[in-house]
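Next come the chains, spelled out residue by residue.
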Amino acid sequence: MMGPLSSGQRNLSTEMHTESEYDIIVVGGGHAGCEAALASARMGLVTCLFAMNLDTIAQLSCNPAIGGLAKGHLVREIDALGGEMARVTDRAGIQFRMLNSSKGPAVWSLRAQADRVLYRLVMREVLESEPKLTIKQASVERIITKDGHVTGISTSHGTSYGAGAVIITTGTFLKGLIHIGLDCHAAGRSGEFPSLGLSDSLKELGLRLGRLKTGTPPRIDSRSIDFSRTTEQSGDDPPIPFSYSTKAITNPQLPCFITHTNERTHRIILDSLDRSPLYSGRIKGVGPRYCPSIEDKVVRFSERPGHQVFLEPEGIQTKEYYANGISTSLPYDIQVELVRSIKGLEAAEIMRPGYAIEYDFVYPTQLKHSLETRSTEGLFLAGQINGTSGYEEAAAQGLMAGINAALKLKSEKPLVLKRHEAYIGVLIDDLVTKGTSEPYRMFTSRAEYRLLLRHDNADFRLREKGFSTGLVCEREYRRFLGRKELLETELKRIHSLRVSAEEANPLLESLKTSAITEKTPVLQLLKRPEVSYAFLRTLCPPPYEIDKELEKLIETEIKYKGYIKRQMEMVERMKRIEGRTIPPDFKFDRISGLSREVLRKLEEVRPSNVGEASRIPGVTPAAIALVMIALEKKRRERSRQ
């Protein structure tokens, strides 16, 4: 036995032969699995993480990078809640860049190149240092249940393990099938076995599965690249860390390089489509719309003479480079030809070919917002199994599944983030209410309150929640409270400051903005686009130290105050709609006037409130009006009883 178990664990079937019993079992050692296992263990639950291969835990299976547009927001939110991805990225990062810095703050997003091997080693070190977490190498083949509740899992070794909750985070491993040209073989990813039995076990539990596809580009030996024919792209100096707890980035920082495909590249691809599994019909799964293969790009955007290719280092101690932008499943000989048609890659040697992979996923409308399945109590799903793409989307779901599985066994309410609170809330709400039939990727455009959900204020939005779950330690929480107090103090000070024309005009003229004629509030001047916090630091320096990131946050809060206020008003209006709860046993089929299609969607998703119902694709405003009338009628009937 593995030590004291929670009350939820004591209900395990006595008939099941088990080697060990745990509070929570996590199946899959990718980014979702790592966050889920750490969250549940840190919340005091005895946890076991099962991975197919311990040597590839936290593998960066595709590009060696974390973050990017909207994805960087997710990483910041994971950190604010007490997750691990940001800290590991800071320890393994070899280039950091703030994207969209020339645009508004709502779309600024941090991205980091990571040393692929170092990232994996650091995360494994963190996992193995967690006292309540055990790691095992095994292929989980079956989920064991009793009376609609999870009771454990069984492995290909013929061994069973008991648990009060199980979190499935299998990535691309469910009946994974790799395609290179017209050749294909079963694999979870290159060089690793797939999971074959677990899909059937999920189906037996009543879950509906589909098929998706993703892919990866060839990796190139940097000694065969002519970098002089490419454009160098360096990171920010100094680099901005992802985690609020990271004081400085200590790794050497490496550049990336940019080149382009050309008409010759495109001709090679078009002439080889008959050997492409994507265009010959071999691949049945739906691919990612926003991260297409180079075959898809050339066919769909035939008017474009070229596409960008980013040459990204895989790590400090390796010569391997990732050719971001030419993901492909074409045959190896064609891959060599198309790579060598690109400027700077004329003599390129491919170290690993690109490939496409098909895998099973579960339609996510079968989940609650806690990521627990509706069909089986105690069974949670997170990551690519829910139809998402990307490390960050997976890690965010894993964190929330780990938190909610732990809260369930503690008999506490689940933590469900709202759309106005976090990109994580947008991600999960989109999956559960709208579903997906293609790999889901997070974008800033998916968030209607994106000015509230900036990368720079994730700790102010979510640190309290992370502390309340026990994932943010006392020291980090006290540090956050100090930062929060400093922000409030400085904003109060700025509201009280006024400067004379004599003091301000020389600086205003240097900034090419109009002069003032009388004593003017500093707050009013800071609202001008040309005026930054540096203006304030020069004329009215604060009596305390403020870091550059907090300066930017203060500036944003002041400059965008009107827009932020309007979004907050929108949030309040939506809260009133969200407040109309829909009971779990509500009979949608008793509402007169609903179409069969709308009724089917409402009964499939089972929204918990009117707001969720209104976001289900195909559920019309007229249908929502009928639902609200029925809810009001039910409320009146109850009040008369």
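See the structure shown above.
This structure is a prediction, so every number in the text was calculated from the model and none was measured.

Enquirer: So what exactly am I meant to see when it comes to the pattern of salt bridges here?
Expert: Side chains that differ in charge, positive against negative, can pair when their charged atoms come close. Under the criterion given, the structure shown has 50 salt bridges. Note that E604 is salt-bridged to R208, the shortest N-O span being 3.1 Å. You can see E604 sitting in helix α18 (residues 596-605) and its partner R208 sitting in the loop between α5 (198-204) and β12 (209-216), a full 396 residues away along the chain. R211 serves as the salt-bridge partner of D360, at 2.8 Å between the closest nitrogen and oxygen. In this pair, D360 sits in strand β19 (residues 355-362) while R211 sits in strand β12, placing the two residues 149 residues apart along the sequence. Residue classification places D360 among the buried residues on the basis of a relative accessible area of 7%.

Enquirer: I keep staring at the nonpolar core and nothing clicks. Help me out?
Expert: Proteins that are soluble and globular tend to have nonpolar side chains buried together. Counting 103 residues, the largest nonpolar core has Y119, L379 and I424 as the members making the most contacts within it. With twelve residues, the single largest contributor to this core is helix α9 (residues 391-409). Non-local contacts of Y119, meaning those with residues more than four positions away in its chain, are made with H31, A58, L60, I66, M85, V88, T89, A92 and A114.

Enquirer: Can you help me understand the sheet that holds strand β4 (residues 93-99) in this one?
Expert: One key point about sheets: their strands pair by backbone hydrogen bonds, in either a parallel or an antiparallel sense. Spatial strand order, β3-β5-β4: three strands in an open sheet with antiparallel pairing. At either margin of the open sheet sits one strand with a lone partner, and together these are β3 (65-67) and β4. Direction aside, neighbouring strands of the sheet carry axes that sit 20 degrees apart on average. Sheet topology note: the β4/strand β5 (residues 109-114) ladder contains six bridges and is antiparallel. In the sheet register, F96 faces β5, and the bridge partner there is A112. Its contacts with the sheet put helix α3 (residues 85-92) on β3, β4 and β5, and the angle it makes with β4 is roughly 115 degrees.

Enquirer: Please clarify how the environment of H455 should be interpreted in this entry.
Expert: Along the chain, H455 falls in the loop between α10 (423-434) and α11 (458-469). Take H455: its relative accessible area is 5%, and that puts it in the buried class. Between the alpha carbons of H455 and G482 there is a distance of 19 Å; along the sequence they are 27 residues apart. Non-local contacts of H455, meaning those with residues more than four positions away in its chain, are made with H73, R76, M98, W108, Y244 and E549.

Enquirer: For this particular structure, what's the right way to read a nonpolar patch on the surface?
Expert: There is a patch of nonpolar side chains on the surface, built from L270, Y279 and V299 and spanning about 210 Å² of accessible area. Inspection of the secondary structure assignment puts V299 in helix α7 (residues 294-300).

Enquirer: Explain the sheet that holds strand β13 (residues 219-221) to me, please; I cannot follow it from the model alone.
Expert: Read from one edge of the open sheet, six strands run β14-β15-β16-β17-β13-β18, paired in antiparallel fashion. Sheet topology places β14 (231-233) and β18 (350-352) at the edges, where each strand pairs with a single neighbour. This sheet shows a mean twist of 35 degrees between the axes of neighbouring strands, independent of strand direction. When β13 meets β18, the two strands line up antiparallel, connected through two bridges. Residue I220 lies in a different strand from β18, and its bridge partner there is I350.

Enquirer: Explanation requested: the packing of aromatic side chains in the structure shown.
Expert: In this description, an aromatic ring pair is defined by two values, namely the gap between the centres and the angle between the planes. Under the counting rule described, the total for this entry stands at nine aromatic pairs. Centre to centre, the rings of F227 and Y321 are 5.4 Å apart; their planes meet at 55 degrees, and the pair counts as tilted. On the criterion of sequence distance, the pair formed by F227 in the loop between β13 and β14 and Y321 in strand β17 (residues 320-324) is long-range, its members being 94 residues apart. Assessed through its relative accessible area of 11%, Y321 is described here as buried. Among the aromatic residues, ring-to-ring pairing joins F460, F467, Y477 and F480 into one connected group. The ring of Y244 is capped by R76, whose NZ or CZ atom sits 5.0 Å from the centre of that ring. Between the NZ or CZ atom of R446 and the centre of the ring of Y440, over which it lies, the distance is 4.1 Å.

Enquirer: Help me out: how do you make sense of the environment of L345 in this one?
Expert: With respect to the element layout, L345 can be found in the loop between α8 (332-340) and β18. Residue L345 is classed as buried on the basis of its relative accessible area of 0%. On a C-alpha basis, the gap between L345 and D226 in space is 6.4 Å, while along the polypeptide they are 119 residues apart. Dropping the residues within four chain positions of it, L345 is found in contact with I220, I225, L311, V339 and R340.

Criteria and cut-off values
- Residues numbered from 1 in each chain as written.
- Predicted model: local features only at pLDDT ≥ 70, side-chain atom pairs only at ≥ 80, totals over all residues.
- Heavy atoms only, no water.
- Salt bridge = Lys/Arg side-chain N within 4 Å of Asp/Glu carboxyl O.
- Helix = DSSP H or I, 4+ residues; strand = E, 2+ residues; numbered from the N terminus.
- Buried < 20%, exposed > 50% of the residue type's maximum accessible area, 1.4 Å probe, protein only.
- Core = buried A, V, L, I, M, F, W, Y, C linked by side-chain atoms within 4.5 Å.
- Contact = heavy atoms within 4.5 Å.
- Pairing = 2+ DSSP bridges.
- Axes fitted to C-alpha atoms, helices over the stretch in contact; angles between N-to-C directions.
- Patch = residues over 30% accessible without salt bridge, like charges linked within 9 Å, V, L, I, M, F, W, Y side chains within 5 Å.
- Areas by Shrake-Rupley, 256 points an atom, 1.4 Å probe, with all protein chains shown as cover.
- Phe/Tyr/Trp six-rings, centres within 6.5 Å; stacked < 30°, edge-to-face > 60°.
- Lys NZ or Arg CZ within 6 Å of the ring centre and 35° of its normal.

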